[in-house]
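So you can see what is in the structure, the chains are spelled out below.
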Amino acid sequence: MVAIARSNCFHKRGHQAQCYTSTYPFMLLFGTVQVILSQIPSFSKLWWLSIVAAVMSFSYSSIGVGLGISKVADEGMTHIKGSIGGLLYTEKGFNAESIWPVFQSLGNIAFAYSYSIILIEIQDTVRSPPLESVTMKKANLVGVSTTTMFYMLCGCMGYAAFGDDAPGNLLTGFGFYEPFWLVDLANACVVLHLVGAFQVFSQPFFAFVEAWVAASYPKNKIVSKEYIIRLPLSSDTYKFNMFRVMSRTIFVAFTTLASMLLPFFNDILGILGAFAFWPLTVYFPIEMHIAQGKAPKWGARWLLLQGLSTLCLIVSMLALMGSLKGVVEDLRIYKPFQKST
């Protein structure tokens, strides 16, 4: 949302203008929208929001790739920027300080593939026949292949277009200024995608907390009592629960406040990816697969799977170190709730 405001400012006042736009009003607006959407009772009711988010993701990714290809084409294939060594290997030799952003980027990549928390929830909504596992395997293959293709295209074309000066986010970091309306459209798609993504990731957590509290305090009226509300201009009804409203509102308020205090998008994503990727996406699935398939210990299959798990653990640890280093450096210069350019 800030990028849209700044893009319009740059278009009117020139690319070198000081177009400061505070993030805080937009964060509060985003949090308010999430408080409302968080009252959707269950994950299965989010099918329409999930479709909107997927379409928006496809749209802004396509625009980003297209802008990168266009910039490379305009400058000619002989002017492709960047190098094999990047910032790590310069004319002066190995640059040890640049290893930390590389580790942080591993955390960003890990976060992009840390979707296992919602995988079971999605499978729970899949109809059969065919078997849910068969459908999910196909969906997994198509989903991972498609997103990987877009990630590679965005990364490669972005680096080819901007080289070592490539921004952390091609759309919001102002790698592209024109056509401003297309950049605005892409960023609007980002906003709608993240509105849906917040809910898709949060709803399983809401369901887990509410099920645990309901089992722990079955006689508590705040937890168990449902109020039926008839929706205006519709024959549908909404089940209102005090605990659900309060707990979800507090959760969104906390995440909004945390975002305002620590607005370091890539660093925070790296930390979340480092924490979530190995245990949820690698370790537990591998251990369950070994147990289910009864893979013999120290056999070739067992060793390969354990080697993969160990490698991903090392990657996660490196990503955590790089992301924490980034947060520490950001905190040295960041002053919350104060104007900066």
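All residue numbers refer to positions counted from 1 along the written sequence of the respective chain. Reporting of local features is limited, given that this is a predicted model, to residues whose pLDDT is at least 70; pairs of side-chain atoms are given and counted only at 80 or more, and all residues count toward the totals for whole chains, interfaces and linings. Excluding hydrogens and water, the side-chain figures rest on all heavy atoms present in the structure.

The chain has the name Amino acid transporter transmembrane domain-containing protein in an unreviewed UniProt entry, where Ceratopteris richardii is given as its organism. Check the Subcellular location (unreviewed entry) section of the UniProt entry for the chain; it says "Membrane". UniProt positions are given in the numbering used here, feature names are shortened, and annotations may be inferred rather than shown by experiment.

Undergrad: What is the right way to look at the overall build of the chain in this model?
TA: Per the convention used, a helix needs a DSSP run of H or I reaching at least four residues, while a strand needs a run of E reaching at least two, with both numbered from the N terminus. For the chain, the helix and strand inventory stands at eleven helices and four strands. At a minimum sequence separation of 6, the contacts of the chain that also span at least 24 residues come to 72%. The protein chains shown are the only cover counted for residues, whose accessible areas, like all others here, come from Shrake-Rupley with a 1.4 Å probe. Accessible surface computed for the chain: about 21,200 Å², of which carbon and sulfur atoms make up 70%. Taking the average place of the 24 positive charges on the side chains of the chain and the average place of its 18 negative ones, the gap between the two points comes to 10 Å. Whether two residues are in contact is decided by their heavy atoms: any pair within 4.5 Å suffices. Positive charges come from Lys and Arg alone, negative charges from Asp and Glu alone, with His and the N- and C-terminal ends not counted. Lys charges are placed at NZ, Arg charges at CZ, Asp charges at CG and Glu charges at CD.

Undergrad: Hey, could you run me through the packing of aromatic side chains in this one?
TA: Two aromatic rings are characterised by how far apart their centres lie and by the angle between their planes. In this analysis, rings of Phe, Tyr and Trp, with Trp reduced to its six-membered ring, are considered paired at centre separations within 6.5 Å, and the interplanar angle assigns stacked below 30 degrees, edge-to-face beyond 60, and tilted for intermediate values. Considering all chains together, one arrives at ten aromatic pairs under this definition. Taken together, a centroid distance of 5.0 Å and an interplanar angle of 35° make the contact between W278 and Y283 tilted. Seen in terms of ring centroids, Y283 and F284 are 5.3 Å apart; in terms of plane orientation they differ by 65°. Their pairing is edge-to-face. The buried label goes to any residue with under 20% of its type's maximum accessible area, the exposed label to any with over 50%, and the partly exposed label to all in between, with areas taken from a 1.4 Å probe on protein chains only. Given the relative accessible area of 30%, Y283 is considered partly exposed. Counting every residue linked through ring pairs, the aromatic cluster contains F30, F198, F205, F206 and F251.

Undergrad: Whenever I open this one, the layout of surface pockets confuses me. Can you help?
TA: In this approach the atoms are scanned with a rolling probe the size of a water molecule, which exposes any empty space left behind. In this structure, the second largest pocket spans a volume of roughly 1,200 Å³. Considering the residues around the second largest pocket, the lining is formed by 26 residues, among which S116, L119, N140, P285 and M288 are closest to the centre. Ranked by residues supplied to the lining of the second largest pocket, first place goes to helix α10 (residues 265–293) with ten residues. Residues are sorted three ways: Asp, Glu, Lys and Arg are charged, Ala, Val, Leu, Ile, Met, Phe, Trp, Tyr, Cys and Pro are nonpolar, and all the rest, Gly among them, are polar. The residue inventory of the lining of the second largest pocket, partitioned by class, reads 17 nonpolar, seven polar and two charged. Throughout, the protein atoms alone are placed on a 1 Å grid, and a set of points is a cavity if a 1.4 Å probe fits but cannot get out or a pocket if it is open with protein on both sides within 12 Å along at least five of seven lines; lining residues have an atom within 4 Å of a point. Grid points are joined across faces, edges and corners, and a volume is the space filled by probe spheres set on the points.

Undergrad: Even after reading the chapter, I still don't get the UniProt feature "transmembrane region" (unreviewed entry) in the chain, so can you show me in this structure?
TA: Per the UniProt entry, the sites bearing "transmembrane region" (unreviewed entry) are residues 21–40, 46–69, 141–160, 180–201, 245–262 and 298–321 in this numbering. The span residues 180–201 is 100% helical and 0% strand by assignment, and the distance between its end C-alpha atoms comes to 31 Å.

Undergrad: I tried to follow the nonpolar core on my own but got confused; where do I start?
TA: Soluble globular proteins tend to bury their nonpolar side chains together. Core analysis: the largest hydrophobic core is formed by 17 residues, its most contacted members being Y60, L67, L171 and F176. Elements represented by at least two residues in this core include exactly α3 (47–75), α6 (132–162) and α7 (180–216). Those residues in contact with Y60, other than ones at most four positions away along the chain, are L171, A186, C189, V190 and H193. Residues grouped as a nonpolar core are buried Ala, Val, Leu, Ile, Met, Phe, Trp, Tyr and Cys residues, joined through side-chain atoms within 4.5 Å.

Undergrad: What is the right way to read the side chain of S202 from this model?
TA: Relative to the helices and strands, S202 is located in helix α7. In this structure the side chain of S202 is engaged in a polar contact, spanning 2.7 Å, whose partner is the backbone oxygen of F198. In protein, a polar contact requires one atom able to donate a hydrogen and another able to accept it; more generally it is a pair of N or O atoms within 3.5 Å, and residues adjacent in sequence count only if both atoms are side-chain atoms.

Undergrad: It is not clear to me how unusual backbone geometry should be interpreted in this structure. Could you clarify?
TA: In most cases, non-glycine residues show a negative phi, while peptide bonds are predominantly trans. The phi angle at K294 is positive, at roughly 50°, despite the residue not being glycine. Residue placement: K294 occurs in the loop between α10 and α11 (300–333). Unlike most non-glycine residues, W298 shows phi in positive territory, near 70°. Among the secondary structure elements, W298 is positioned in the loop between α10 and α11.

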